[in-house]
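Below are the chains, spelled out letter by letter.
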Amino acid sequence: MSNGNEFLQGVAAVRGEVVRVSFHNEENGFSVLRVVLDGGGGQVTVTGRCPMPRAGERMEADGDWRDDPQFGRQFSARRIELQEPESLEGMASFLGSGLVDGVGPKLAQRIVDKFGKDVMTVLNRESKRLEEVEGVGEKRRREIKAGWDAARELRQVMIYLFSQGISSARAMKIFQRYGAETRKVLQTNPYKLVDDIAGIGFKTADEMAAKIGVERDSLLRVGAGLKHVVSDGATHGHAAVPVPMLVEKTCELIGVGEQEVEVALARVCGAGELEQHEVDGQMMVYQPELRRAEEHIAEVIRELVRDGDGVRINEEKAMAWVRHHKEFDLSDGQMEAVRLAVSSPVCVITGGPGVGKTTVLRSLLGVMDVEGLECKLAAPTGRAAQRLAESSGMEAQTLHRMLGYRPSGGFNFHQGRKLEGDVFVVDEVSMVDLPLMRAFLDAVPDGASVILVGDADQLPSVGPGAVLGDLIESGAVPVARLTEVFRQGEGSRIITVSHEVNHGRMPDLQPEKGSDCFFLERSSPLATRETLLHLVAERLPAGLEVDPIADVQVLTPMHKGALGTVELNRELQARLNPPSEFKPEIERYGMTFRRGDKVIQIRNSYDRGVFNGDLGRVAEIELESHSVTVRFDAGEIATYTPNELDELRLAYAITIHKSQGSEFPVVVMPLSNQHFVLLERNLIYTGLTRGRRQVVMLGERKALEMGISRHQAHQRFGGLRALLAAEI
């Protein structure tokens, strides 16, 4: 037994009872515990990693004694093991620590006073006896028993998952997802976690599977590997994965031979978990829901083009009305776009910045208004919808809001309950992925017209598919291409530079006084980062009189590296929103969130009404519950518990992909040879076209030249274009 003498001798093991949890980090488990040592050794401080420590628990730890210059003598533990309490004082502290909802310190003490050493037996097997405690009736007894059973199950799950390297925050999410079935899932098929729990990757699940004895070449493991590769492809925008690529990547991932992978592929396809389809002479493997989305989109588009009447508008009268209203002053190309839109049940209007898409749209809305038609306007994101409303002078919604998203998933408007309206206009269609386009087309009422507007040269959607590009390239839908540039602005170079880049030409980007688009050459990523930090925090706010948080947006190609979002956000947060005793903050999932921080939502949250790519600011952090409230730019106010903060990221710097549909007063875009895998023309073009007042590119010139010269270097796999073309 550890005792006071052993304390003096610096032993490598201690045992005792936790009397206070001074600190616990739910992300990495690091804890500071105040412990009464066995054998009269007094109170000591123990530091180390453990899951969900509670006052009253028994503790055993291995490690060594250290003298901390600030906190004095401490035991630094390499291993901490926690066990249920043994002493009456420990039982009361444990039970009253918040472990069971509705049981505070006073009720916990009454329960322990009543049953003494038998309290654990009563809670586990004789809970009816709890009604003997003053203030506990049948209802409360049942609540205490249910809470105790859930807490014990959670504790055991936490200990197990912690041993697998999973943080307490994610372990809590796992338990919330599976409840009493958690251990069964973990012990029979841990690969389910990859599909069901955000932040749990295949590698973690695979390590857990190995520990429970899943064979290296088992069909369960190989099948899970196949599904992961296909799912990972979808997160990178692919609707499907070619079979040879799928087999190769799965072999690399799990270290088995092609034969085992091919056998498992036949099995998972036979079970309907994946599907194989031939696309342009090549076998592709799909997640079933993505293939259904492709097939349904192609079917609805075919019906619209072949059978749909759309709204009935007299083409000649419409064109005469537009010509009469001189404020529009349309070019021949713009007039042709208007003619196409009023005469087609579905069409696409595409073109880059400054080519007059907005003018065409306003003309069309004027025609529809004269005809007494009800027009509904939508865009994929809140910012894009806000811009559409400002430019059109009409109400515009996000697609999710128009369709009536439900917190439980799905939409209020669908194939069986159509939207109301005559003409549906969707802007920024390059951002719309396969599932969202399917949901929209499902809800379009019979006899309505659909006008899809977007820039086909921008990056495709973050989600799977390249819907706008496939619609245009298939030839299945009438397309109006606007190419003549009208909006350049006196002295503005952003639009002209964007078009030069889009045509594969290296523009003149010498920094000149008064120029709103230029390139600053730097020799290395670190030099680029230092210049960027100075620009964002000091030079641009002073020179342009802008708010560095609200008005300046850093756009970068990737997440990792010296110029990735992770590192840049850490540096920019420190400069633009440093810690202060007046700013509450919370650390979760390797990130620190502070009041005033700029943040981005990274996946759809239907219950909050916020979606992937929405930007906002941290409005408040509640000190007791640690809940975080965010006010989003589109007006939504959303609150997150600590365990839900993996839905947010800092957004002083975001990826160019995430910026789609947004426009910022000032854009700063670093480019480095570190980004070479992602550098291509549409990436740079998309970043350029996000800037409204000023665009500053900086970094290595070779990276800029490489990006402009590479066109469509990253093909998206899928079958929508082929399905659309086959229907012509």
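The protein goes by ATP-dependent RecD-like DNA helicase in an unreviewed UniProt entry, where it is assigned to Sulfuriroseicoccus oceanibius.

Engineer: Could you give an account of the overall build of the protein, with specific residues and numbers?
Structural biologist: When its secondary structure is counted, the protein shows 26 helices and 26 strands. Its C-alpha atoms give the protein principal-axis dimensions of roughly 95 × 60 × 55 Å. Expressed as a percentage of the 728 residues in the protein, the buried residues total 54%. A sequence separation of at least 24 residues applies to 66% of the contacts in the protein between residues at least 6 apart. For the protein, the accessible surface area stands at approximately 32200 Å², while carbon and sulfur atoms represent 47% of it. Here the protein contributes 87 positively and 105 negatively charged side chains, and the mean placements of these two sets differ by 3 Å.

Engineer: Quick rundown of the nonpolar core? Include the residues and the values.
Structural biologist: Core analysis: the biggest nonpolar cluster contains 48 residues, and Ile-301, Met-437, Phe-440 and Leu-452 have the highest contact counts within it. There are two domains that each give this core at least three residues, and those are domain 3 (215-283) and domain 4 (291-488). Sequence-distant contacts of Ile-301, that is, excluding residues within four places in its chain, are made with Val-346, Leu-441, Leu-471, Val-477 and Leu-724. Residues Leu-533, Phe-593, Ala-638 and Ala-653 belong to the second largest nonpolar core, which totals 39 residues.

Engineer: Could you give an account of the packing of helix 22 (residues 525-544) against helix 23 (residues 565-576), with specific residues and numbers?
Structural biologist: As a packed pair, helix 22 and helix 23 sit with axes 10 Å apart at the nearest point and diverge in direction by 40°. As far as their axial angle goes, helix 23 and helix 22 are oblique. Considering only the axes of helix 22 and helix 23, their crossing is right-handed. Taking contact as the criterion, the partners of Arg-529, Glu-530, Leu-532, Leu-533, His-534, Val-536, Ala-537 and Glu-538 in helix 22 are, on helix 23, Glu-567, Leu-568, Glu-571, Leu-572, Arg-575 and Leu-576. For the contact of helix 22 with helix 23, the per-class residue count stands at 7 nonpolar, 1 polar and 6 charged.

Engineer: Got a sec to walk through the pattern of salt bridges? Specific residues and values, please.
Structural biologist: Counting across every chain of the model gives 46 salt bridges. Here Lys-376 makes a salt bridge to Glu-374, at a shortest N to O gap of 3.7 Å. Taking the shortest distance from any N to any O, the salt bridge between Arg-387 and Glu-428 comes out at 3.4 Å. With Arg-387 in helix 17 (residues 382-392) and Glu-428 in the loop between strand 12 (423-426) and helix 19 (434-443), this pair connects stretches of sequence that are 41 residues apart. The partly exposed category is assigned to Arg-387, whose relative accessible area is 26%. Where salt bridges share partners, they join Glu-275, Arg-291, Arg-292, Glu-294 and Glu-295 into one cluster.

Engineer: Kindly report on the sheet that holds strand 19 (residues 598-601), identifying the contributing residues and their values.
Structural biologist: In spatial order, the strands read 22-21-20-19-23; together these 5 strands make up an open sheet with antiparallel pairing. The open sheet has two free edges, formed respectively by strand 22 (637-640) and strand 23 (648-650), since each of these has just one partner strand. Strand after strand, the sheet turns through a mean of 40° between neighbouring axes, direction not considered. Bridge count for strand 20 (residues 615-621) against strand 21 (residues 628-632) is 5 bridges, and the pairing is antiparallel. Looking at strand 21, one finds that Val-618 is bridged to Val-630.

Engineer: Give me the lowdown on helix 20 (residues 467-474), citing residues and values where you can.
Structural biologist: Burial of helix 20 is extensive: 7 of the 8 residues sit out of reach of the surface. Within the sequence span of helix 20, burial applies to Val-467, Leu-468, Gly-469, Asp-470, Leu-471, Ile-472 and Ser-474. For helix 20, the elements touching its buried residues are helix 13 (288-306), strand 9 (346-351), helix 19, strand 13 (449-454), strand 14 (479-482) and helix 26 (720-726).

Engineer: Please set out the UniProt feature "domain: Helix-hairpin-helix DNA-binding motif class" (unreviewed entry) in the protein residue by residue, giving values where relevant.
Structural biologist: Taking the numbering used here, the UniProt-annotated feature "domain: Helix-hairpin-helix DNA-binding motif class" (unreviewed entry) corresponds to residues 100-114, 128-147 and 192-211. Strand forms 0% of residues 128-147 and helix 50%; the C-alpha atoms that close the span are 14 Å apart. Across residues 192-211, the secondary structure splits into 75% helix and 0% strand, with the terminal C-alpha atoms separated by 16 Å.

Engineer: Account for the pairing of strand 4 (residues 58-68), with residues named and values stated.
Structural biologist: Pairing analysis gives 5 bridges linking strand 1 (residues 13-24) to strand 4, with the strands arranged antiparallel. Bridge pairing links Ala-13 to Asp-62 in strand 4. Where strand 4 meets strand 5 (residues 72-83), 11 bridges bridge the pair, whose relative direction is antiparallel. What sits directly across from Met-59, in strand 5, is Leu-82. The hairpin turn running from strand 4 into strand 5, its antiparallel successor, is 3 residues long.

Engineer: Please provide a residue-by-residue account of the domain arrangement of the protein, values included.
Structural biologist: Partitioning the protein into domains gives domain 1 (11-83), domain 2 (86-164), domain 3 (215-283), domain 4 (291-488) and domain 5 (505-709). The C-alpha centroid of domain 3 is placed 47 Å from the C-alpha centroid of domain 2.

Engineer: Could you give an account of the packing of aromatic side chains, with specific residues and numbers?
Structural biologist: Applying the stated rule across the entire model yields 6 aromatic pairs. Relative to Trp-148, the ring of Phe-94 has its centre 6.3 Å away and its plane inclined at 90°; by these criteria the two rings are edge-to-face. Note that Phe-94 is positioned in helix 2 (residues 88-99) and Trp-148 in helix 5 (residues 138-163), a separation of 54 residues in sequence. Each of the two residues, Phe-94 as well as Trp-148, counts as buried.

Engineer: Summarise unusual backbone geometry; cite the residues concerned and give the values.
Structural biologist: With phi around 45°, Met-52 is a residue other than glycine that occupies positive phi space. Mapping Met-52 onto the fold places it in the loop between strand 3 (43-49) and strand 4. A relative accessible area of 17% places Met-52 in the buried class. In this structure, Asp-280 takes a positive phi of about 50° despite not being glycine. Note on placement: Asp-280 falls in the loop between strand 7 (275-279) and strand 8 (282-286). Classification of Asp-280 by relative accessible area gives exposed; the value is 58%.

Engineer: Quick rundown of the sheet that holds strand 8? Include the residues and the values.
Structural biologist: The 3 strands are arranged 6-8-7 in an open sheet whose pairing can be described as antiparallel. Either end of the sheet is taken by a strand with one partner, and the two such strands are strand 6 (240-242) and strand 7. For this sheet, the mean inter-axis angle between neighbouring strands, taken without regard to orientation, is 35°. Examined bridge by bridge, strand 6 and strand 8 share 3 bridges and lie antiparallel to one another. Opposite Pro-242, over in strand 8, you have Met-284 as the bridge partner.

Engineer: Pulling in residues and values, what's your account of the environment of Val-263?
Structural biologist: Assignment of secondary structure puts Val-263 in helix 12 (residues 258-270). With a relative accessible area of 46%, Val-263 lands in the partly exposed category. Between the C-alpha atom of Val-263 and that of Ser-344, which follows or precedes it by 81 residues, the distance is 48 Å.

Engineer: Kindly report on a nonpolar patch on the surface, identifying the contributing residues and their values.
Structural biologist: A contiguous nonpolar surface patch, about 260 Å² in accessible area, is contributed by Phe-676, Val-677 and Leu-678. For Val-677, the position within the fold is in the loop between strand 25 (664-671) and helix 24 (681-688). Its relative accessible area of 46% is what places Val-677 among the partly exposed residues.

Procedures and definitions
- Residues numbered from 1 in each chain as written.
- Predicted model: local features only at pLDDT ≥ 70, side-chain atom pairs only at ≥ 80, totals over all residues.
- Heavy atoms only, no water.
- Helix = DSSP H or I, 4+ residues; strand = E, 2+ residues; numbered from the N terminus.
- Buried < 20%, exposed > 50% of the residue type's maximum accessible area, 1.4 Å probe, protein only.
- Contact = heavy atoms within 4.5 Å.
- Areas by Shrake-Rupley, 256 points an atom, 1.4 Å probe, with all protein chains shown as cover.
- Lys, Arg positive; Asp, Glu negative; His and termini not counted.
- Charge placed at Lys NZ, Arg CZ, Asp CG, Glu CD.
- Core = buried A, V, L, I, M, F, W, Y, C linked by side-chain atoms within 4.5 Å.
- Domains from an automatic or database assignment.
- Axes fitted to C-alpha atoms, helices over the stretch in contact; angles between N-to-C directions.
- Parallel < 35°, antiparallel > 145°, perpendicular 65-115°, else oblique.
- Left-handed = near helix turned anticlockwise from the far one by under 90°.
- Nonpolar A, V, L, I, M, F, W, Y, C, P; charged D, E, K, R; others polar.
- Salt bridge = Lys/Arg side-chain N within 4 Å of Asp/Glu carboxyl O.
- Pairing = 2+ DSSP bridges.
- UniProt positions renumbered as here; feature names shortened; annotations may be inferred.
- Phe/Tyr/Trp six-rings, centres within 6.5 Å; stacked < 30°, edge-to-face > 60°.
- Patch = residues over 30% accessible without salt bridge, like charges linked within 9 Å, V, L, I, M, F, W, Y side chains within 5 Å.

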